[in-house]
Structures are given as C-alpha cells and as structure tokens.
Amino acid sequence: MCGEGKRLYGSALQSGRLARAEAASAPCLLESALLHPDPDDADWLRPVPPTAALTRRLQPIEREIQERRALAVELAETFEPFMAISSQGRPATHSITVLEGFSRINAAIEVATAECRSEILTVQPGGGRSEYALTEAMKLGQGVLDRGITMRTLYQHTARHSQGTLVYAEVMTQGNVEIRTLEELIERLMIFDRTVAFIPASDDRETGRQVALELRHPGLVSYLAKVFEQLWQRAVPILEDAAPYSPPIDGITGVQRSIARLLVEGHVDEAIARRLGMNVRTCRAHIAKIAAALGSGSRAQLGFLIAQSGILGQDAGAAKGESDS
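Residues numbered from 1 in each chain as written. Predicted model: local features only at pLDDT ≥ 70, side-chain atom pairs only at ≥ 80, totals over all residues. Heavy atoms only, no water.

**Some points on the overall build of the protein chain**
In step 1: Per the secondary structure count, the protein chain includes 13 helices and 11 strands.
In step 2: In the protein chain, which comprises 325 residues, the proportion classed as buried is 34%.
In step 3: Partitioning the intrachain contacts of the protein chain with sequence separation of at least 6 by distance along the chain shows that 67% fall at a separation of at least 24.
In step 4: When the accessible area of the protein chain is evaluated, it comes to approximately 19,500 Å², of which 55% is carbon and sulfur surface. (Helix = DSSP H or I, 4+ residues; strand = E, 2+ residues; numbered from the N terminus. Buried < 20%, exposed > 50% of the residue type's maximum accessible area, 1.4 Å probe, protein only. Contact = heavy atoms within 4.5 Å. Areas by Shrake-Rupley, 256 points an atom, 1.4 Å probe, with all protein chains shown as cover.)

**Concerning the state of the cysteines**
In step 1: The tally for this structure, following the rule as stated, stands at 1 disulfide.
In step 2: Between the sulfur atoms of C2 and its disulfide mate C28 the distance is 2.5 Å. Given an S-S torsion of about -60°, the disulfide between C2 and C28 has left-handed geometry. Of this pair, C2 sits in the segment before α1 (3–15) while C28 is found in helix α3 (residues 28–31), placing the two residues 26 residues apart along the sequence. (Disulfide = S-S within 2.5 Å.)

**Let's talk about the environment of Q256**
In step 1: Here Q256 is to be found in helix α9 (residues 254–264).
In step 2: Looking at Q256, the relative accessible area reads 5%, which means it is buried.

**A few points about the sheet that holds strand β3 (residues 41–47)**
The strands making up a sheet associate through hydrogen bonds between their backbones, and the pairing can be parallel or antiparallel.
In step 1: One open sheet accounts for 3 strands, arranged β1-β3-β2; its pairing is antiparallel. The two strands at the open ends of the sheet, each matched to only one other strand, are β1 (18–19) and β2 (35–38).
In step 2: Relative to β3, β1 runs antiparallel, the two being bridged by 2 bridges. The residue of β3 that forms the bridge with A19 is W44.
In step 3: Of the strands in this sheet, β1, β2 and β3 are in contact with α1, which crosses β3 at around 100°. (Pairing = 2+ DSSP bridges. Axes fitted to C-alpha atoms, helices over the stretch in contact; angles between N-to-C directions.)

**Topic: the packing of α9 against helix α10 (residues 269–276)**
When two helices pack together, their arrangement is given by the angle between the helix axes and by the axis-to-axis distance.
In step 1: Closest axis-to-axis distance for the α9/α10 pair is 10 Å, and the angle between their directions is 135°. Between α9 and α10, the interaxial angle falls into the category oblique. With respect to the hand of their crossing, α9 and α10 are arranged in right-handed fashion. The segment α9 lies against α10, with S258, I259, L262 and L263 engaging I272, R275 and L276.
In step 2: Taken together, the residues of the contact of α9 with α10 sort by class into 5 nonpolar, 1 polar and 1 charged. (Parallel < 35°, antiparallel > 145°, perpendicular 65-115°, else oblique. Left-handed = near helix turned anticlockwise from the far one by under 90°. Nonpolar A, V, L, I, M, F, W, Y, C, P; charged D, E, K, R; others polar.)

Okay, structure coming up:
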C-alpha cells in the first residue's frame, strides 16, 4: 500500500466512507481491493474491514506454507531409506565435488563464506576487475570485515592500471584485507579457513562452460594453501610505491622483457596476454615496441634477436644480484 493509500484508508475507516474523487490520488487502494463502491451513492466508496482484508492476504501465504511443509515431509520420506543404507556403509567424505554452472558454483562459495570463521585466501588472475565484479567483491569483503575475518587477495601487476581496482583496494585494505600483486599467477583459487578450496575444472572460453571443483580433502587444501603462501611472499602490496617490474634495459621495460621471455618459449599472443593478465591488443602493442627496439622485421627474426640481445640474461643477472644483496 502506498503512503497516500494508507492515509486515505485510515480516514475511510474512521468516517465509514471516502469520496471517489479523493480516492483517485491513491489508485493502490482500488488495486488492492481495500475500497468498494457504496451501493447507496455512486460518488462514494466504502472501506473493506481490515480483518477481512488481512485474512484475504494471509490465505495464499498460509496455503503456500502448508504446501512447502508437505513437500519437506515428502522429501524426508523419499530419502529416509537411502540414509539408512548410507549409515551402514563407509561414511562419505565428499572430498571432491564437481560444480557445474555459474549459479551452483556461486551458491557453494556463498555457503563456504557463511561457514568461514577466520581466514579467506584468494587468487584472482587477470587485469583490472569490471565494475560489477568489484561491487560483488566489495559486498563479500564488507561482510568478511564485519565478522572479523581476515582476507588476503593476489592480483596481477596489470590490475595496478585499473583505477576501479585501486579504489577498491584503498577501501578494503583499511580493515582486515590485504591485497598484493604478482606478474604471473596460477588460475583462480579460493581457500576458506584452510578446510575448503575452490579451483576451476575447465578452461573452455569458446563455449563459456563453467565447471569448478570444491575440494575438502585436507591434503589437497593444505597443498594449495602452501602454494598461495609462496606466491604471497613474492608479491608486492598493491598500494605501495615499489615498482612491480624491474627497471628498463636498453629501452625495453620489465613487462616487455617478460613478454619477450614467453615469446622465446614459443607462446602465442593470446597465451602470453592471459598469463600476464592483459588484453591481447596491449600485448601485441608491447611486442611491436620490442620489435622496434631490436630492429626486427619479422616475427621469426624477433625470437632470434631477443636471444641474441641478452636482455633475458640481464634480467636473470639482476635477479641474482638482488638475491645476493
């Protein structure tokens, strides 16, 4: 019932009727069947008693409740013999559950989030997040903060170029949330209280088929948590000024040397872009700059010039010098 409808309905109950012209300002009254024509005067409307109106509205709700209860009883009776069989055999561990479909995957993650009590670890490969993804992550993160749960998230360095991601990081890292970035990451990963983990089970980008695994085997979850910790130690806090890439060498930036390394290993543009968390167009623009810097006239020649230039060896030497220091 609209606000004006509430006022007019109360007035009609007090006086016993309401002018039809006055009721025109609150069509919700007639739509809700709270007024009916006065049989003695067509210019007036009479209110339906509130007890009758309430009963009419409660009847379908109570009927639905009864139907739901009947369905619950039916389901319990259906599964009762199977539960008896299950209790006689070995207990099911459900250590690996296949989740197919976006809605089923999200539902399982929501359950794990609700059951979580202390810690969430996540790996989110790719570049900047979409506005929708950041909004959903903000809702999840706020709920986590309100419950005193700590959360650590790993993004790729390319996420630093997304203003929305940086704003999200500034808001969330004021609480129990830490965010770091790394150049290359494993596939998406979520771990709750080191007891349950979620990983992708397929990578079918053409059909868009969504399949994930829910893992509850202690050994598997512990192994994935150790992988996360190793990546975390190498990552850089997203809001620190520390440069995530090594400085340019001979006009070739750190990210371009990473692309060069993957080119020499034989990866195609799409695979390189995916591994470094950037779109293919950006990746190809970097490849063009590498080719220009090395004077390459063809893709076949580029690999040879990269190897001959020694820029990848310089990266290894720089890394060794940092570790020695």
